[in-house]
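# Breakdown of the fold
These are the residues of each chain, in order.
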Amino acid sequence: GDAIRVESTNTGAGGAQMDLLHFTTSPADGDNFAMINMGCYYTGTTSVYGTSIKSIWTDVSARDAALTFSTNNSGTLTEATRITSAGNVGIGTVSPSNLLDIKSNGSSKGLDIHHSNGNMVARLIHGGSGDEGQLKLYDSNSETVRIAGENNVNSFINSGNVGIGTTSPDGKL
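Residues numbered from 1 in each chain as written. Predicted model: local features only at pLDDT ≥ 70, side-chain atom pairs only at ≥ 80, totals over all residues. Heavy atoms only, no water.

### A short note on the sheet that holds strand β1 (residues 32–41)
The strand order β1-β2-β3-β4-β5-β6 describes an open sheet built from six strands, whose pairing is mixed. Only two strands of the sheet have a single neighbouring strand rather than two, namely β1 and β6 (100–102). Geometrically, the sheet is characterised by an average inter-axis angle of 25 degrees between neighbouring strands, direction not taken into account. By the bridge criterion, three bridges tie strand β4 (residues 76–83) to strand β5 (residues 89–91) in an arrangement that is antiparallel. (Pairing = 2+ DSSP bridges. Helix = DSSP H or I, 4+ residues; strand = E, 2+ residues; numbered from the N terminus. Axes fitted to C-alpha atoms, helices over the stretch in contact; angles between N-to-C directions.)

### Concerning the pairing of strand β2 (residues 47–59)
Across nine bridges, β1 lies against β2 in antiparallel orientation. Paired with Gly39 across the two strands is Tyr49, which belongs to β2. A loop of five residues connects β1 with β2, the two strands running antiparallel in sequence. Alignment of β2 against strand β3 (residues 64–73), held across eight bridges, turns out to be antiparallel. From the neighbouring strand, Trp57 faces β3, where its bridge partner is Ala65. Between the end of β2 and the start of β3, which pair antiparallel, lie four residues, with Arg63 showing a positive phi angle near 60 degrees.

### Here's the deal with the side chain of Asn88
Turning to its location among the elements, Asn88 is positioned in the loop between β4 and β5. Residue classification places Asn88 among the buried residues on the basis of a relative accessible area of 15%. Polar contacts involving the side chain of Asn88 include one to the main-chain carbonyl oxygen of Pro96, which spans 3.5 Å. The residues touching Asn88, leaving out its near neighbours within four places in the chain, are Arg82, Ile83, Pro96, Ser97, Asn98 and Leu99. (Buried < 20%, exposed > 50% of the residue type's maximum accessible area, 1.4 Å probe, protein only. Polar contact = N/O pair within 3.5 Å; in protein donor to acceptor, adjacent residues only side chain to side chain. Contact = heavy atoms within 4.5 Å.)

### Some words on the confidence of the model for the protein
Confidence in the prediction for the protein averages 80 pLDDT; 77% of positions are at 70 or higher. At the low end of the mean pLDDT range in the protein sits strand β11 (residues 156–157), at 52; at the high end sits β3, at 95. Here residues 150–156 scores under 50 on pLDDT; set against residues more than four positions off or in separate chains, the count is 13 contacts. (pLDDT = per-residue confidence, 0-100.)

### Remarks on a nonpolar patch on the surface
A contiguous nonpolar patch, built from Ile91, Leu99, Leu100 and Ile102 and spanning about 380 Å² of accessible area, is present on the exposed surface. Tracing the backbone shows Leu99 in the loop between β5 and β6. Classification of Leu99 by relative accessible area gives exposed; the value is 66%. (Patch = residues over 30% accessible without salt bridge, like charges linked within 9 Å, V, L, I, M, F, W, Y side chains within 5 Å. Areas by Shrake-Rupley, 256 points an atom, 1.4 Å probe, with all protein chains shown as cover. Salt bridge = Lys/Arg side-chain N within 4 Å of Asp/Glu carboxyl O.)

### Structural notes on unusual backbone geometry
A positive phi angle, near 60 degrees, is found at Arg63, a position not held by glycine. Mapped onto the elements, Arg63 comes out in the loop between β2 and β3. Residue Ser74 is not a glycine yet carries a positive backbone phi of 60 degrees. Checked against the element boundaries, Ser74 lands in the loop between β3 and β4.

### Focus on the side chain of Ser70
Its place among the elements puts Ser70 in strand β3. Ser70 has contacts with Gly50, Thr51, Ser52, Leu77, Thr78, Glu79 and Ala80, leaving out every residue within four places of it along the chain.

Next comes the structure, spelled out in C-alpha cells:
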C-alpha cells in the first residue's frame, strides 16, 4: 500500500502537490536543496540507497537549478543523468551543452536506437574492435547505411552503392 499519498480534491487545473522546501539564509551554487532517496534493507538490518533524485542550484542568484538522477553502482550513488535549467539532458556528463549530450567514460560504448518492435534503427559506435567512429543505420535489423570515421574506410550506403535522390542505387555513385 501507499506509505505516503497526496490526493487532491481540486477538480480544476491544479492537482495534487507535495513540496520539498529547504530553508536557508544563504543558499549557494552547488547546494542540494531537495532530494528523494530510494532504498531498502538488503539484509535484515543493513539498508542502502539504490537511487536518488536531487535538485541542485546551478546559479542561485538567477534561480537556475538542475535535476539529477543517480544510481547505485557497486555500493556508491553516482550521478547518471542531469537535466539542466536550460532543458539540456546529459547522460554520463554533469554539464550537457546540447539538447541531448551522451558521453561515455572512455570504454567502448555507443548509442543504440530501437523501434518499438525491437528492430535496430541506428547505432553510433565509440570504440571497440574496429568499429570506432561509425554511424550505422538499419532497416529491420539489417544494416543499410554505414558512415565510418577516418580509421575505418569501408563506408557504404545500401550494400556499397551510393545514391543521391534514390533509395535503390545501382552503381557506386
